[in-house]
Amino acid sequence: MVTAEEMKAKIESWGIPPSDFIEDVGKYLSEKFKGDGPEVGTDSAEAALRKLDELLQKYKMFEAGLAEKKRRLEGQIPEISQTLDAINHLKKNSGNTIDTSFQLSDAVFAKAKVDCGDKVMLWLGANVMLEYDIDEAQTLLGKNKTNAISSLEEVKMQIAYLRDQMTTTEVSMARVYNWDVNRRKAENKP
């Protein structure tokens, strides 16, 4: 179980600025957006709305980056699992020759005979392929899969927190706007 302090530290490490709920709009505007005059008015409300909108845009930028990271991780995990399954199959048939089909492109497969030995080649990306001992490759891929799963969970937590902050900001924007509308109505009454 994660303590409140640990969760707060984790949230701070994400770099997502927190959004405060504006309970008392008049007090908030007078403390943060006090103008030249003695009264809090439309200028203060518009400045607050601009600041809140800027924060909302920042959240949307964070959300786009996290959505891309989530999509990438969701594609990576099944790929690692398939590679682990292939390595387990090779280990199970060690010393034998097996007939298999492998994918050349999206809809093109080729048949091959594969000697199941104790070495495998892993594609690491960036035009790099390395030869590994089969046990070493299995350990490496298992670790990579575990890291990808934990990263995906972290990204999901970040997205949930971010959506909460976006909702809070949108509610605060509505409260400031409504406060300003009500203030203007009160000023125009005879």
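- Under an unreviewed UniProt entry, the name given to the protein is Prefoldin subunit 3, and the organism recorded is Oikopleura dioica.
- The UniProt entry for the protein carries this comment under Function (unreviewed entry): "Binds specifically to cytosolic chaperonin (c-CPN) and transfers target proteins to it. Binds to nascent polypeptide chain and promotes folding in an environment in which there are many competing pathways for nonnative proteins."
- Under the heading Sequence similarities (unreviewed entry), UniProt records this for the protein: "Belongs to the prefoldin subunit alpha family."

A few points about the environment of Ile98
Now for step 1: If you trace the backbone, Ile98 turns up in strand 1 (residues 97-105).
Now for step 2: For Ile98, a relative accessible area of 14% translates into the label buried.
Now for step 3: In this structure, the C-alpha to C-alpha distance between Ile98 and Asp135, residues 37 residues apart in sequence, is 19 Å.
Now for step 4: Not counting residues up to four positions away in its chain, the partners in contact with Ile98 are His89, Leu90, Asn93, Ala112, Lys113, Val114 and Cys116.

Re the packing of helix 3 (residues 42-92) against helix 4 (residues 134-188)
Packed helix pairs are characterised by how far apart their axes lie and by the angle those axes make with each other.
Now for step 1: At their nearest, the axes of helix 3 and helix 4 sit 7 Å apart, and the two run at 160 degrees to each other. As summarised for this structure, helix 3 and helix 4 are arranged roughly antiparallel, according to the angle between their axes. Helix 4 is crossed by helix 3, and the crossing has left-handed handedness.
Now for step 2: Taken together, the residues of the contact of helix 3 with helix 4 break down into 30 nonpolar, 13 polar and 16 charged.

Quick notes on helix 2 (residues 25-32)
Now for step 1: Along helix 2, the residues that are buried comprise Val25, Tyr28 and Leu29. The arc that holds every buried residue of helix 2, seen down its axis, measures 95 degrees, which confines them to one face.
Now for step 2: For helix 2, the secondary structure elements touched by its buried residues are helix 3 and helix 4.
Now for step 3: Here helix 2 starts with a cap whose side-chain oxygen sits 3.3 Å from the backbone nitrogen of Gly26, and that cap is Asp24.

Some thoughts on unusual backbone geometry
Backbone phi values are negative for most residues with the exception of glycine, while trans is the configuration of most peptide bonds.
Now for step 1: Unlike most non-glycine residues, Ala126 shows phi in positive territory, near 55 degrees.
Now for step 2: Structurally, the position occupied by Ala126 is in the loop between strand 3 (119-125) and strand 4 (128-133).
Now for step 3: In this model, Asn127 sits at a positive phi of 60 degrees, which is unusual for a non-glycine residue.
Now for step 4: With a relative accessible area of 71%, Asn127 lands in the exposed category.

So, the nonpolar core
Now for step 1: The biggest cluster of nonpolar side chains holds 38 residues, and the ones touching the most others in it are Leu29, Ile87, Val120 and Val176.
Now for step 2: If you list the elements that add at least two residues to this core, you get helix 1 (4-14), helix 2, helix 3, strand 3 and helix 4.
Now for step 3: It is helix 3 that contributes the most residues to this core, 13 residues altogether.

Notes on the pattern of salt bridges
Now for step 1: Counted according to the given criterion, the structure contains nine salt bridges.
Now for step 2: We note a salt bridge from Glu154 to Lys10, for which the minimum N-O separation is 3.5 Å. Taken as a pair, Glu154 in helix 4 and Lys10 in helix 1 lie far apart in primary sequence, 144 residues in all.
Now for step 3: Here Arg184 ties to Glu46 by a salt bridge, and the two come within 3.9 Å at their closest N and O atoms. On the criterion of sequence distance, the pair formed by Arg184 in helix 4 and Glu46 in helix 3 is long-range, its members being 138 residues apart.
Now for step 4: Classification of Arg184 as partly exposed rests on a relative accessible area of 37%.
Now for step 5: Among the charged side chains, a network of salt bridges with common partners joins Glu46, Asp180, Arg183, Arg184 and Glu187.

Rules behind the numbers
- Residues numbered from 1 in each chain as written.
- Predicted model: local features only at pLDDT ≥ 70, side-chain atom pairs only at ≥ 80, totals over all residues.
- Heavy atoms only, no water.
- UniProt positions renumbered as here; feature names shortened; annotations may be inferred.
- Helix = DSSP H or I, 4+ residues; strand = E, 2+ residues; numbered from the N terminus.
- Buried < 20%, exposed > 50% of the residue type's maximum accessible area, 1.4 Å probe, protein only.
- Contact = heavy atoms within 4.5 Å.
- Axes fitted to C-alpha atoms, helices over the stretch in contact; angles between N-to-C directions.
- Parallel < 35°, antiparallel > 145°, perpendicular 65-115°, else oblique.
- Left-handed = near helix turned anticlockwise from the far one by under 90°.
- Nonpolar A, V, L, I, M, F, W, Y, C, P; charged D, E, K, R; others polar.
- Arc of directions from axis to C-beta.
- Polar contact = N/O pair within 3.5 Å; in protein donor to acceptor, adjacent residues only side chain to side chain.
- Core = buried A, V, L, I, M, F, W, Y, C linked by side-chain atoms within 4.5 Å.
- Salt bridge = Lys/Arg side-chain N within 4 Å of Asp/Glu carboxyl O.

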